[in-house]
Amino acid sequence: MSSKRRQGDRGDPKTKKGKREIKAGLTESLLDQAGRDAARQAWERREAGNHGSITLSSAPFPHCVIHPVIQSLEFLDGLKEELLGLNFNEKSNDLYKFKQSDDLKRRKEPHISALRQVLFEDFREWLSDVTGVKLEKTVDMSCAQYDYTDTLLCHDDELEGRRFAFILYLVPEWLEAYGGSLDLYNTDENAQPGSIAKSLIPKWNSLVFFEVSPISFHQVSEVLCEGKCRLSVSGWFYGPYLERPQPFLDPLPLRSPHIPHDHEILYEWVNPVYLSVDAQSQIQEEFEERSEMLLKNFLQEEKFNEVCSVLATQSIEWEQCGPPNRRCYQRARGDLPNAISSCMELLKSEAFFLLLSNLTGLSLHFLSTNSDDSEGEGPSQNNQSVSEDDSGAEQSETEQGQSEKVPLCSGELRHWTHGHYTLIHDHDPERHQFALDLLLFFGCKDWKEEYGGFTSYIAKEEDEELLTVYPENNCLALVYRDKETMRFVKHINHKSLERDASHKGFWDFAFAYHE
Ligand SMILES: O=C(O)CCC(=O)C(=O)O
Ligand SMILES: [Fe+2]
């Protein structure tokens, strides 16, 4: 059957219903033998330079821009028309937001077929020759459309067998200010991305390719201009599998036991409606069922307002958190203004651990009545986590062989503004753990869902969304997360600046509590 299909694809187009053959010719520089030899030599020596329409560069990792790449401009117009006629699907997750066409592997449109042929036959042959990598015939290409606020955040493209990534740009005249550049990242001694080393502005009829490697970190920066469509065809060439180095592990956030503080601190800070025994047992019942809870107006109003105004007006030392393939936001450090450090203290206090135990049914304090030893079961057997099918069986596992477990917490004050996000990644030390997540929001007035900045909880492997927490003033979100649950904060896009052009964004206290 495959030979039949191949024949069908390649049947002589001139005679087929008398149609004119559509061919996408490559630029002279790619056909010329002398140019090819020069490019091969330069690639081998990692030498930057121009060879006709080919520009080779080696920093921050080997890549190449070919402009122009296709000889016939008429062909590209036809191609663009066919591409825009395809069905596009909105794609959105932690890493990206853009529109992707149906797979181009089997499309029969004449220009798309011709492009497939020229890229995966003629160009692949050139690429193989120049780079010395034997490339397979595997076709992997799709069409992407990035509009206002779309982005593809920092990633390395690594997947078994991918050796070269390519992108053919079909964009109108493009300016740096439009965003949508292909940014290439520097990497540090741990092969983690840092700053942006180079931004490539997309150009009509240009093709970029780069070697996929453990350091080929890149992003499509957010498109900042309304009404501009960044259209491209991209994909990968496959070859022999390369060994990957061991992944870099993030250090585990520092966890500490509660700090001594009696319940006075609760009466000072927390809305009294959450302090009555009745309210707490009602909340606990609901939490045990749903594993999540939003407590509105959580702090007393004056306290909330005080923290808000300090956040907005007093100087706080913010540290940029990375690496960009994992996160991008600001974390408070150093000496904090009084109102802020007192709020931190509240969340770390013994009284607060007990309050959380009462609100959730988790055993975060030895005085909590939640450890149902009498039934001979683990402390929180009755707590179903946000991932549905959890039996809670792993609860009895001891952590790092500790015989006596002390409830612990870690937490930080974070600032969220345009361009910030967190990503799900395989080497998150917080993954595969049970935890009670706490988020408490400030400065979110008029924040809209379309800005991003919400926290999404998803089930591992499936892209199924379990729960989304939207930033909301003085709202305390509690989520019991299990080993199968992952979370991310959605990229905050350019629209967020319509709310406050001064990049104020919002703030949250983000804590995790472990039984
Ligand atoms: O469109 C671009 O410039 C890059 C696309 C990309 O990195 C990808 O699709 O993996
Ligand atoms: Fe990529």
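Everything below is about the structure shown above.
Residues numbered from 1 in each chain as written. Chains lettered and ligands numbered in written order. Predicted model: local features only at pLDDT ≥ 70, side-chain atom pairs only at ≥ 80, totals over all residues. Heavy atoms only, no water.

A. Quick look at the sheet that holds strand E21 (residues 465-469). Strand order in the open sheet formed by three strands is E21-E20-E23, and the pairing between neighbours is antiparallel. Only two strands of the sheet have a single partner each, and these edge strands are E21 and strand E23 (485-489). The average angle at which neighbouring strand axes cross in this sheet is 20°, direction not considered. Note that strand E20 (residues 455-459) and E23 share five bridges and pair antiparallel. Counted as the bridge partner of Ile 458 is Met 486 from E23. (Pairing = 2+ DSSP bridges. Helix = DSSP H or I, 4+ residues; strand = E, 2+ residues; numbered from the N terminus. Axes fitted to C-alpha atoms, helices over the stretch in contact; angles between N-to-C directions.)

B. Here's a closer look at the pattern of salt bridges. Summed over all chains, the structure comprises 28 salt bridges. Across the salt bridge formed by Asp 147 and Lys 99, the nearest N and O atoms sit 3.2 Å from each other. Of the two residues, Asp 147 is situated in the loop between strand E6 (141-146) and strand E7 (151-155) and Lys 99 in strand E5 (residues 96-101); the sequence distance between them amounts to 48 residues. A residue is classified by how much of its surface remains accessible, and Lys 99, at 14% relative accessible area, is buried. Across the pair Asp 500 and Arg 499 runs a salt bridge whose closest N-O atoms are separated by 3.3 Å. Take Asp 500: its relative accessible area is 16%, and that puts it in the buried class. A single network of salt bridges, built from pairs that share partners, joins Arg 36, Asp 37, Arg 40, Glu 125 and Asp 129. (Salt bridge = Lys/Arg side-chain N within 4 Å of Asp/Glu carboxyl O. Buried < 20%, exposed > 50% of the residue type's maximum accessible area, 1.4 Å probe, protein only.)

C. Representation of helix H4 (residues 73-84) in the model. The first and last C-alpha atoms of H4 sit 17 Å apart over twelve residues, in line with the 16 Å expected at 1.5 Å per residue. Here H4 has its buried residues at Phe 75, Leu 76, Gly 78, Leu 79, Glu 82 and Leu 83. Relative to the axis of H4, the buried residues are bounded by an arc of 160° and lie together on one face. Among the exposed residues of H4, those oriented more than 90 degrees off its buried face are Glu 74 and Glu 81. Contact partners of the buried residues in H4: strand E4 (88-92), helix H5 (110-131), E6, strand E8 (162-169) and strand E13 (230-238). The opening residue of H4 is Ser 72, an N-cap whose side-chain oxygen sits 3.4 Å from the backbone nitrogen of Glu 74. (Expected span 1.5 Å × (residues − 1). Arc of directions from axis to C-beta. Contact = heavy atoms within 4.5 Å. Polar contact = N/O pair within 3.5 Å; in protein donor to acceptor, adjacent residues only side chain to side chain.)

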